[in-house]
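Observations on the model geometry
Here's the letter readout for the chains.
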Amino acid sequence: MTTMESLIGLVNRIQRACTVLGDYGGGDNTFSSLWEALPSVAVVGGQSSGKSSVLESIVGRDFLPRGSGIVTRRPLVLQLHKTDEGSQEYAEFLHLPKRRFTDFGAVRNEIQEETDRITGKTKQISPVPIHLSIYSPNVVNLTLIDLPGLTKVAVEGQPETIVEDIETMVRSYVEKPNCIILAISPANQDIATSDAIKLAREVDPSGDRTFGVLTKLDLMDKGTNALDVLEGRSYRLQHPWVGIVNRSQADINKNVDMIVARRKEREYFATSPDYGHLASKMGSEYLAKLLSQHLENVIRSRIPSITSLINKSIDELESEMDHLGRPIALDAGAQLYTVLEVCRAFERIFKEHLDGGRPGGDRIYGVFDNQLPAALKKLPFDRHLSLQNVRRVVSEADGYQPHLIAPEQGYRRLIEGALNYFRGPAEASVDAVHFVLKELVRKSIGEAQELKRFPTLQADIAAAANEALERFRDESKKTVVRLVDMESSYLTVDFFRKLPQEVENKGGNPQAPVTDRYGEGHFRRIGSNVSSYVGMVSDTLKNTIPKAVVFCQVKEAKQSLLARFYTQLGKKEGKQLSQMLDEDPALMERRQQCAKRLELYKAARDEIDSVSWTR
């Protein structure tokens, strides 16, 4: 295979792969960019201008639907693949990937039926393309896009907007800078009225992308010829005009072989008194070679940008594949390893939240620094140590025998009653930290990219983590309540020994009356002393409750959040592990698409690298 054939064949394969992956016409932006970076040839002409005959002449096969009015009602993306001499010709449709057509009459019927599937048996048009590949030793590597014929008026059965709709569809192809325009015009009409040339001039005013093709030369009035057009005097293009002699309707009716038709075309130009001097540059075979050579030049100029786009796309896809994760192995050992790796990734993120690498852990400190002190300040000690309550508690503690010196039982009951209030803030701190930890588990699961692949494993990890947090919370509550109970069970004696003793008379006057141990001042001092002691205990618990909560909940969550889960994992069989690694179907489909794209890009890059750029 020559360098030219390798280049164009490579472009054909990349374009076909793009369409197979569903990226042509509105898929992945990168693939759309790649498609648009690759050159193709759009066949443009008015109705009955001979477009179909030109295409069939280039292919060497009679395979397109024929009839009056609009026959081509959907774009036909036709990819020609040159095969080895002597190999069998066949065709494949993108929508029937496993079926080979060797009967080109069946190809024509399938084009008609596939058109009707979208448009119905009407004269409506559709922008959804039909993709057809033809493999033959009698073609050159080429991509041609057959478009509906331009028309000027809507006929019965067509919408009023049909003229604008067809032109809009055709423009969507020919406006692309990498599209080569094959403008078909019949020789028996004035070139000034050519719909194809008019449109080509609007989208390609310089004529760099336009190839003019003049059909029906044999149908011109006797005594006239098309030399002014073919020699560029009537309308000049950057590329030479090519004349075509199509099969006559009689030849079509007789199913004259296209190879025979090509020979007749060559004989026509060789023996023509008008066009004999141009015979070497006329005919469908020459047109195909001319387009192929031009495509080679265009491809050569585009190769650096195509290579750059492919390399960029490979990097992006490999990054996405790493993000999505590689396919899961089938053996139990590898599956267990995958589960453990995913769990460790989740635990790493969870610890980063606690340690400050990610936000959220600071909310635990907020519980200790704000919520706990605020809750302690709101405790109803003023009511508990009011004068009336102190008098009542102390009096009740004395029973039938009034206290002799100090009401110790009264003190104890007042202190124990006050310390019981600390249970609420202590347990609330535990619950607040538990809530933060649960939120961090939820966030960590959402942030662990590895986990997004496995909804079942996500749920299992969430359940295991939350079950562990519940256990840690229960243990933490027991601990903080014990701290409060310990303060109640053993009072700090030194505190009371350091309190100033009550004097029996004021000012040291021996004649002054003895202090009334049941007076208002006495009970106020008791309330004040208990309040001071409770304040001291509050300061202690303000420090010890956070320590207990961190030890029982935060530290345990960091060290053994999934400890029981790991123990249970070791007992699971292969089937159970497979169920845990049951991936999200959408994710599996996305990975499969990425893998196909990556394979395509790498193959394209390798083929580009392998092509020699010397002629």
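Anything mentioned here points back to the structure above.
I will try to describe carefully the structure that is included in this document. Since this is a predicted model, take the numbers as computed values, not measurements. (Residues numbered from 1 in each chain as written. Predicted model: local features only at pLDDT ≥ 70, side-chain atom pairs only at ≥ 80, totals over all residues. Heavy atoms only, no water.)

1. Examining the overall build of the protein
- Helix and strand content of the protein: 22 helices and nine strands.
- Each of the 615 residues in the protein was classed as buried or not, and the buried ones make up 48%.
- A separation threshold of at least 6 residues defines the contact pool for the protein, and within that pool the share at least 24 residues apart is 80%.
- Looking at the protein as shown, the accessible area adds up to about 30700 Å², and 50% of this sits on carbon and sulfur atoms. (Helix = DSSP H or I, 4+ residues; strand = E, 2+ residues; numbered from the N terminus. Buried < 20%, exposed > 50% of the residue type's maximum accessible area, 1.4 Å probe, protein only. Contact = heavy atoms within 4.5 Å. Areas by Shrake-Rupley, 256 points an atom, 1.4 Å probe, with all protein chains shown as cover.)

2. Here we look at the packing of helix α5 (residues 162-174) against helix α6 (residues 195-203)
- Axis separation between α5 and α6 bottoms out at 11 Å; the angle between their running directions is 50 degrees. The angle between α5 and α6 places the two elements in the oblique class. In the crossing of α5 with α6, the sense of the turn from one axis to the other is right-handed. Along its contact with α5, which presents Glu167, Val170, Arg171 and Val174, the element α6 presents Leu199, Glu202 and Val203.
- Along the lines of polarity and charge, the residues of the contact of α5 with α6 split into four nonpolar, no polar and three charged. (Axes fitted to C-alpha atoms, helices over the stretch in contact; angles between N-to-C directions. Parallel < 35°, antiparallel > 145°, perpendicular 65-115°, else oblique. Left-handed = near helix turned anticlockwise from the far one by under 90°. Nonpolar A, V, L, I, M, F, W, Y, C, P; charged D, E, K, R; others polar.)

3. A word on unusual backbone geometry
- The phi torsion at lysine 216 lies on the positive side, around 60 degrees, for a residue other than glycine.
- Looking at the secondary structure, you find lysine 216 in the loop between β8 (210-215) and α7 (227-230).
- Of the residues examined, lysine 216 reaches a relative accessible area of 22% and is grouped as partly exposed.

4. Here we look at the packing of aromatic side chains
- Applying the stated criterion across every chain, the model contains 11 aromatic pairs.
- Taken together, a centroid distance of 5.3 Å and an interplanar angle of 65 degrees make the contact between phenylalanine 495 and tyrosine 533 edge-to-face. Placement of phenylalanine 495 in helix α18 (residues 493-497) and of tyrosine 533 in helix α19 (residues 520-560) is noted, with a sequence separation of 38 residues between them.
- Among the aromatic side chains, those forming a connected cluster through ring pairs are Tyr411, Phe495, Phe496 and Tyr533. (Phe/Tyr/Trp six-rings, centres within 6.5 Å; stacked < 30°, edge-to-face > 60°.)

5. What to know about the sheet that holds strand β9 (residues 242-243)
- One open sheet accounts for nine strands, arranged β4-β3-β5-β2-β6-β1-β7-β8-β9; its pairing is mixed. With one partner strand each, in any of the chains shown, β4 (96-101) and β9 form the two edges of the open sheet.
- For strand β1 (residues 40-45) and strand β7 (residues 179-186), the ladder comprises six bridges, and the chain directions are parallel. Note on β7: the bridge partner recorded for valine 41 is isoleucine 180.
- The strands touched by helix α10 (residues 284-324) within the sheet are β1, β6 (142-146), β7, β8 and β9, with β7 carrying the most contacts at an inclination of about 160 degrees. (Pairing = 2+ DSSP bridges.)

6. What about the nonpolar core?
- Of all hydrophobic cores here, the largest spans 70 residues; its most connected members are Phe346, Phe422, Leu457, Ile461, Leu561 and Phe565.
- For this core, the leading source of residues is α19, giving 12 residues.
- For phenylalanine 565, the contacting residues outside a window of four places in its chain are Cys343, Leu457, Asp460, Ile461, Ala464 and Met580. (Core = buried A, V, L, I, M, F, W, Y, C linked by side-chain atoms within 4.5 Å.)

7. What to know about the pairing of strand β3 (residues 90-93)
- Neither face of β3 is exposed, since Tyr90 and Glu92 on one face and Ala91 and Phe93 on the opposite face are all buried.
- Where β3 lies against strand β5 (residues 130-136), four bridges are found, and the strand directions are antiparallel. The residue bridging tyrosine 90 from the neighbouring strand is tyrosine 135, located in β5.
- Sheet topology note: the β3/β4 ladder contains two bridges and is antiparallel. In the sheet register, phenylalanine 93 faces β4, and the bridge partner there is leucine 96.

8. Comments concerning the environment of phenylalanine 63
- Within the secondary structure layout, phenylalanine 63 lies in the loop between α3 (51-59) and β2 (76-82).
- For the pair formed by phenylalanine 63 and phenylalanine 104, sequence separation is 41 residues and the distance between their alpha carbons is 5.2 Å.
- Contacts of phenylalanine 63, omitting those with residues within four sequence positions, involve Leu55, Glu56, Leu76, Leu78, Phe104, Val107, Arg108, Ile111, Leu132 and Ile134.

9. Here we look at the pattern of salt bridges
- Inspection of every chain in the model, using the stated rule, returns 32 salt bridges.
- Of the charged contacts, one joins arginine 100 and glutamate 92 as a salt bridge, the two residues approaching to 3.6 Å between their closest N and O atoms.
- The class of arginine 100 is exposed, set by a relative accessible area of 54%.
- Notably, a salt bridge pairs glutamate 318 with lysine 602, separated by 3.1 Å at the nearest N-O pair. Taken as a pair, glutamate 318 in helix α10 and lysine 602 in helix α22 (residues 585-610) lie far apart in primary sequence, 284 residues in all.
- Owing to a relative accessible area of 29%, glutamate 318 belongs among the partly exposed residues under this scheme.
- Overall, the relative accessible area of 30% leaves lysine 602 in the partly exposed class.
- Each of Glu167, Arg171, Glu175, Lys198 and Glu202 takes part in a single network of salt bridges with overlapping partners. (Salt bridge = Lys/Arg side-chain N within 4 Å of Asp/Glu carboxyl O.)

10. So, the packing of helix α17 (residues 455-489) against α19
- Contact geometry for α17 and α19: axes closest at 9 Å, N-to-C directions at 160 degrees. Classified by the angle their axes make, α17 and α19 are roughly antiparallel. Crossing of α17 over α19 shows right-handed handedness.
- Looking at the contact of α17 with α19 residue by residue, the classes come out as 13 nonpolar, six polar and four charged.

11. Focus: the environment of methionine 536
- Relative to the helices and strands, methionine 536 is located in helix α19.
- When its relative accessible area of 30% is taken as the criterion, methionine 536 is described as partly exposed.
- Methionine 536 has contacts with Thr492 and Phe495, leaving out every residue within four places of it along the chain.

12. Here we look at α10
- Here α10 is 41 residues long, yet its end C-alpha atoms lie only 50 Å apart, well below the 60 Å a rise of 1.5 Å per residue gives.
- Largest kink in α10: about 50 degrees, centred on isoleucine 303, with the proline proline 304 one to four residues after it.
- Glycine 325 lies just past α10 and shows a positive phi near 95 degrees. (Expected span 1.5 Å × (residues − 1). Bend = angle between axes of the 7 residues up to and from the residue.)

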